[in-house]
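# Fold and geometry: a report
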Amino acid sequence: MPDVHILGIRHHGPGSARSVAEALDALAPTLVLIEGAPELDPIAALAGDPDMIPPVAGLVYAVDDPRRASFYPLASFSPEWVALRWALANGSSVRSIDLPETHGVAIRQRLAQRELLEEADGPEEAAGPREPVPTVQPTAGDARQGRDPIAALAGAAGYDDPERWWEDAVERREGSVLERFAALSSAIAELRRDESAAAPVVGHDGELDLAALADPLGTAMTALREAAMRTAIRAASKGGDERIAVVCGAWHAPALEPASFPSAAADRLLLRGLPKAKVAAAWVPWTASRLSYASGYGAGVSSPGWYRHLFEHARSGSASDVATVWLVKVAQELRRQGIDASTASVVEADRLASALATVRGRPGPGLDELDDAALSVLADGNPLPLSLVHDRLVVGDDIGSVPAAAPLTPLAADLERAQRATRLKPAAHPQTVTLDLRTDAGRARSTLLHRLRLLGIPWGAPVDAGRTTGTFKEAWELAWSPELAVAVVEASVYGTTLASATAAKVAQDARDAPDLAALSELISQCLLAETPVHDVVARLAERAATHTDALELLAAIEPLATVCRYGNVRGVETGEVRAVLDETAVRACVGLPPAAVALDDDAATALRSAVESAHRGLTLLEDEDLLQRWWRTLGELADHDRVPGLLSGRATRMLLDAAMLDADTVATRMSRALSIAADPADAAGWIDGFLTGDATVLIHDPALLALLDEWLGSAGTDVFDDILPLLRRTFSAFTPAERARIGQRISDGPSAATAAAPDVDAAAAQAGLRAVARLLGWKVVS
């Protein structure tokens, strides 16, 4: 029998990684077994490629549903990564021995289906489908199950930092490194003393015990995984290797000691009949931020930047060297922020950190001591500058890379080619790029980003391009996250290149579009992505020709008009789109007046938004025939007695701004809308529609202002209380200067209503008048 050594580690622990390296050097095993998905074995050799730069992650996904995926993140300080690189560098065989993901993916799929069924039996709102979320298997079942045994041991010893406890109790302990691992395994065995034997999760009827597998502590899954690892160790022991090293999570170490193995038959019984799914594997870049707890993934590292620093510098230097170099980095980062951090202050901070460690009974400064020293000495007690230091140094902005030889889906390979061609390099932290669409390079970048958005790969999000009067400029905020690797795999079902996949995805989106506005927006996105729009236009024309809903017809106009107006920036043909726009606009103009009659407040508000959208689109085109038809339609809205005031007032204002009505006609219509016979709430709606967002007409037209002032002055108390909220919303959209000028106009020239008002006790009204004056921005003179 070979000599089998179990090395129980803390996943992503730099102390564990150093201990593993030391143990492997001492053992010189011919075979290294690592807790991880066996599906990664065919591509494990790529870890030795110089172009494979951590952090990276093994990605294992279901071929028929890539959203069912697991990540296995690895950093330079991960013990698994150290073991893998050691084996490749020393000519030893290396294998992964965890439960195969062909079973893991299938089990999680069954659990997800069970959860949906349970929700469907509960409240109605919980029964809808939910988007599957990729899971992360950080080669660390402990973290996933809510167990961190090293943290438990550290807590028992009075430590709040597991790595600090490891450093003090394991790294600095006397004796060989193998004795340290044996002692750790013995301690974990004590934590697991009361565990009961696991029962099979597949019954005699072949059905999974989903209730047991759904246990939040993961007891059943732990049993399956440990049975799989023991089975792999037994098989490896028969392979002729003299020395075998097993690198696994510390929680599993006692269960994987050959002396404590249950019978092989018992393990076979646990693994019998597990479901399977077809899976594939690949390497993908990972980021430092995704190694942290704050990212939502239980990868087990709260300070990946600090841990990388520990791993890289603690091997060759003392604890004080590690602290000094770290404080130098902090000072450099503060200087980049324009904060003075002198060499003398770094020395003083180093002394303070060492003193704090001594007071706290620790052998050397840790991150807590360094943070406290930096806050006191380098940042003068101001925590704000150190927040950026935390993001850049404690967490880090590293993003890994994988070699060109790594297996990729055809779509992922095409994306990498496009990224190289456009010189858009993925980065972990958000970066803003501004594109000039008048250049070939700018259009190529824009096309790539728009195609990715259509495919559901949101690498970039459009942001404000700043002050510009043209349409040749775009700004994007780019941030690459590891989840996008799954999105790329998922989009691969549509095609092997970005162009073909986008075209296929657009065709599906056109078939599934819920309304005309969605189809119109899809056409706009297609033109931005330089994707053929013929099928989408045909679908839109077909639906528009039989559609009678004025709201949907109006909502479709602006996106189509934008395409027709600005499509020439990208040199695309918009003739088909213009034909559909003309037909849609005509049908909307015919259907709008009858659709606007006798609406409640919510329906009137929705239709008003659609009218404003269509108005923006049609005025953008500057087509005289369409505009004349539109003006006639708005005239019908403005004149119709049964159209809500919110709509008729808005239509009146649009006609006034377009010089299609004169001031006298507008005054007549306002007078009618605000007459005593009119409903006060509808009159307030008319005012809101007429004045929305622009007070200029009241400032420059005394007659309209007088009408409004007279109406408000004559309103009874009950009526005024009812209309006040709507009026407040209308006037709150005006600038303070506009409100002040309106108030000044009223004070300069009283309306007929105020002139006919009864005598007012001026002395008694002084307090109220002063308060109103201050609200209007007037200067109050004593």
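My aim in this report is to walk through the structure given alongside it, one point at a time. Computed from a prediction, not measured in an experiment: that's the story for all the values here.

Sheet architecture is open: 3 strands sit in the order E9-E11-E10, paired in antiparallel fashion. Looking at the sheet topology across the chains shown, the edges are occupied by strand E9 (431-436) and strand E10 (460-463). Each strand axis lies, on average, 35° off the axis of its neighbour in the sheet, ignoring direction. Looking at chain direction, E10 and strand E11 (residues 473-478) are connected through 4 bridges and run antiparallel.

Here we come to the packing of aromatic side chains. Tallying each qualifying case throughout the model produces 5 aromatic pairs. Seen from their ring centres, Trp 459 and Trp 480 are 5.8 Å apart, and the 85° between their planes marks the pair as edge-to-face. Placement of the pair is Trp 459 in the loop between helix H17 (440-454) and E10 and Trp 480 in the loop between E11 and helix H18 (483-491), with a sequence separation of 21 residues. The class for Trp 480 is buried, based on a relative accessible area of 10%. Both rings, one in Trp 686 and one in Phe 690, keep their centres 5.1 Å apart while their planes meet at 15°; by these two values the pair is stacked. You can see Trp 686 and its partner Phe 690 sitting in helix H28 (residues 680-691), 4 residues apart, about one turn around the helix.

All chains considered together, the criterion is met by 30 salt bridges. Across the pair Arg 360 and Glu 369 runs a salt bridge, and its minimum N-O distance is 3.0 Å. Taking the relative accessible area as the measure of exposure, Arg 360 reaches 38% and is therefore partly exposed. One salt bridge connects Asp 582 with Arg 578, and the closest N-O pair in it is separated by 2.8 Å. On the criterion of helical spacing, the pair formed by Asp 582 and Arg 578 is a turn pair, its members being 4 residues apart in helix H23 (residues 575-595). Take Arg 578: its relative accessible area is 23%, and that puts it in the partly exposed class. Through salt bridges that share partners, Arg 608, Glu 612, Arg 650 and Asp 688 make up one connected network.

Cut-off values and rules
- Residues numbered from 1 in each chain as written.
- Predicted model: local features only at pLDDT ≥ 70, side-chain atom pairs only at ≥ 80, totals over all residues.
- Heavy atoms only, no water.
- Pairing = 2+ DSSP bridges.
- Helix = DSSP H or I, 4+ residues; strand = E, 2+ residues; numbered from the N terminus.
- Axes fitted to C-alpha atoms, helices over the stretch in contact; angles between N-to-C directions.
- Phe/Tyr/Trp six-rings, centres within 6.5 Å; stacked < 30°, edge-to-face > 60°.
- Buried < 20%, exposed > 50% of the residue type's maximum accessible area, 1.4 Å probe, protein only.
- Salt bridge = Lys/Arg side-chain N within 4 Å of Asp/Glu carboxyl O.

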